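Structural characterization, general
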Amino acid sequence: MELHAIERSADAFQQGLTGLRIQAVAERSFGPGAEVRSATELGGGMYNTTYRINLAGRAEPLVLRVAPEPARQFHSERELMRAEYASVPWLAPIADLMPHVLAADFTNQAGVRDSYPAVAAELSALAS
């Protein structure tokens, strides 16, 4: 896998994932045959660590969002990604404007913090 990560200090709020962890999320989300071809960490966010992922056999890239480690979160932020995911059905009237969530993993069985991959129409602009 080709991994493009943002360098951060060890005490930075956002912490990236290793290529092995990103692959584990893909396999947990899409099955053991999922193959991550590339992962590019996207900057600009202030809370989640976000990647553009290219999977073998899939034409469009995905966005993988990973919550911060629980120890780095304020008490009021705990499970914030889970609350965000739970709110998606309430946003049905504007569904065309929202990312389409393909999977969510809040089990930590992939050895990764809360995460979910999603695909959105605007990702075609990120692919270049």
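Conventions used here
Residues numbered from 1 in each chain as written. Predicted model: local features only at pLDDT ≥ 70, side-chain atom pairs only at ≥ 80, totals over all residues. Heavy atoms only, no water. 1 Å grid on protein atoms, 1.4 Å probe; cavity = no way out; pocket = protein on both sides within 12 Å on 5 of 7 lines; lining within 4 Å. Points joined across faces, edges and corners; volume = space filled by probe spheres on them. Nonpolar A, V, L, I, M, F, W, Y, C, P; charged D, E, K, R; others polar. Helix = DSSP H or I, 4+ residues; strand = E, 2+ residues; numbered from the N terminus. Contact = heavy atoms within 4.5 Å. Buried < 20%, exposed > 50% of the residue type's maximum accessible area, 1.4 Å probe, protein only. Polar contact = N/O pair within 3.5 Å; in protein donor to acceptor, adjacent residues only side chain to side chain. pLDDT = per-residue confidence, 0-100.

With respect to the layout of surface pockets
Taking a probe equal in size to a water molecule and rolling it over the atoms shows the remaining empty space. If you add up the space inside the second largest pocket, you get close to 190 Å³. Along the wall of the second largest pocket there are 16 residues; nearest its centre are Pro-68, Pro-70, Gln-73, Arg-82 and Asp-114. Its residues assigned to classes, the lining of the second largest pocket comprises 8 nonpolar, 3 polar and 5 charged.

Observations concerning the environment of Thr-40
For Thr-40, the position within the fold is in strand 2 (residues 36-42). Counting along the chain gives 36 residues from Thr-40 to His-4, while the straight-line C-alpha distance between them is 4.6 Å. Beyond its immediate sequence surroundings of up to four residues, Thr-40 is in contact with His-4, Thr-50, Tyr-51 and Arg-52.

Concerning the side chain of Ser-38
For Ser-38, the position within the fold is in strand 2. Using a relative accessible area of 13% as the deciding quantity, one classes Ser-38 as buried. A polar atom in the side chain of Ser-38 sits 2.9 Å from the side chain of Asn-54. Not counting chain neighbours up to four residues away, the residues in contact with Ser-38 comprise Met-1, Glu-2, Arg-52, Ile-53 and Asn-54.

Notes on the confidence of the model for the protein chain
Caution is warranted with low-pLDDT regions, since their predicted coordinates should not be read in detail. Across the protein chain, pLDDT averages 81, with 87% of residues at or above 70. Of all the helices and strands in the protein chain, helix 3 (residues 123-126) carries the lowest mean pLDDT, 39, while strand 1 (residues 2-4) carries the highest, 97. Confidence drops under a pLDDT of 50 for residues 119-128, and excluding neighbours within four residues, the segment shows 16 contacts in the predicted structure.

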